[in-house]
Amino acid sequence: METTNQVSKEEEAEEQRRDLVVSKEEEGEVEEEEAHPYSFHVSGPRNLSTLNWRDLIYSTWKDSNYKRTVIACFIQAVYLLELDRQEKRTQETALAPNWWIPFKYKLTQTLIDERDGSIFGAVLEWDRSAAMADLVLMRPSGAPRAVLALRGTLLKSPTMRRDIEDDLRFFAWESLKGSCRFKLALEVLKSASNSFGGSNVCVAGHSLGAGFALQVGKALAKEGIYVETHLFNPPSVSLAMSLRNIGEKAESAWKKLKSMLPYSGQESRAGEEGDANKNLGLKSWIPRLSSFKNSGFGVGKWVPHLYVNNSDYICCSYNDPGGDGGVNKENVAPPGNGPVAAKLFVVTKERQKFHEAHGLEQWWSSDAELQQAIHSSKLISRQLRSLYSGSGSGTSSQVTQGKS
């Protein structure tokens, strides 16, 4: 009898020990999950002020640093939505929601690439019920009613092929209109603008997503719908741009050569007529390398925000006064002249690796230093040329710089 009781006690103790081990393992899994490098509390912004009733008096959204931080977090959420999908995370273990919930927003729509089923964008709307739970009775001034966030290239096998395909599309043609993502993003952004008004809608993107955000924002601007646009590390290098630069240099060289040639009055008229035909032929193919067309846009009504890093070779050309390696700077409008084309924020850090300079995390980092420049960017003027060419102010537009 004693032997039987002892065995029973030992079995019971062993069972309790196993239960304890399992319990600790489960707790360890939770701790491991919470310590995921992409968890909001691990890699998200530090010392972030939470929305409260005081925002009714002074909105934190009026602080450009706060707005930049939140918008960047929304884009990070889109990256994580796709990673959550790939890793088959459940609603309880998903990483993405924690990147919008603290800001009182909710997910209302995801944008799916029909080619591979990947998530490349999301619409986040102001969550009134969540805000009222924290005594924020109304949306703070400056907070958008809806945000369309677009991610960039994700080097994971399920989506890498289509991401790189669109990267090459931009590199070759400086246009993303041939992608199914452009069409869907434009439809969603237009729908949100119709529902809430263009002034209450924001579009933002990082890297390749910034390229899409720039082009869909510009497409709506041509229709007279002006949405707030934030572009983080937007792509600036393309084959089409390089060919245009070659064409412009060739045309400039021909004009200089022509001015040096002796000619009579009759030869002058014939030469001028021939030059006109040559210039017409030269100019006829240069614009074809760009998707931008003149639409008589109102100056200053659409001013995108660009966030670039000098150590990031993908976007650093936006901070080049010449926009093409310092060539043809005579065409750049001097500070104080022309309309505001864009707000350019520049991070300048020495000895930064590319993945850090191109990363999204730097834009919510507490030590982010945005320096102020005093020049205009020819590249931005070229990107927005079709919008401003009908304004009578020339194609070179002033770029205002922001300082953190």
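Computed from a predicted model, the values in this text were never measured in an experiment.

Brief notes about the overall build of the protein chain
- Each helix and strand counted, the protein chain has 12 helices and 9 strands in total.
- With 404 residues in all, the protein chain has 46% of them scored as buried.
- Considering only intrachain contacts with a sequence separation of at least 6, the fraction spanning at least 24 residues in the protein chain is 77%.
- Accessible area of the protein chain: about 20700 Å², with a carbon and sulfur share of 53%.

Topic: helix 5 (residues 157–173)
- For helix 5, with 17 residues, the first-to-last C-alpha span of 25 Å sits near the 24 Å given by 1.5 Å per residue.
- All of the buried residues along helix 5 are Thr159, Arg162, Asp163, Asp166 and Phe170. Viewed end-on, helix 5 has its buried residues packed into an arc of 105°, placing them on one side of the element. For helix 5, the exposed residues lying more than 90 degrees away from the buried face are Ser157, Arg161 and Leu168.

Details of helix 7 (residues 208–222)
- If you check helix 7, its first and last C-alpha atoms are 22 Å apart, about what 15 residues at 1.5 Å a residue would give, namely 21 Å.
- Counting buried positions over the 15 residues of helix 7 gives 14, a clear majority of the element.

Calculation notes
- Residues numbered from 1 in each chain as written.
- Predicted model: local features only at pLDDT ≥ 70, side-chain atom pairs only at ≥ 80, totals over all residues.
- Heavy atoms only, no water.
- Helix = DSSP H or I, 4+ residues; strand = E, 2+ residues; numbered from the N terminus.
- Buried < 20%, exposed > 50% of the residue type's maximum accessible area, 1.4 Å probe, protein only.
- Contact = heavy atoms within 4.5 Å.
- Areas by Shrake-Rupley, 256 points an atom, 1.4 Å probe, with all protein chains shown as cover.
- Expected span 1.5 Å × (residues − 1).
- Arc of directions from axis to C-beta.

The quantities given are spatial measurements derived from coordinates; they are silent on function.
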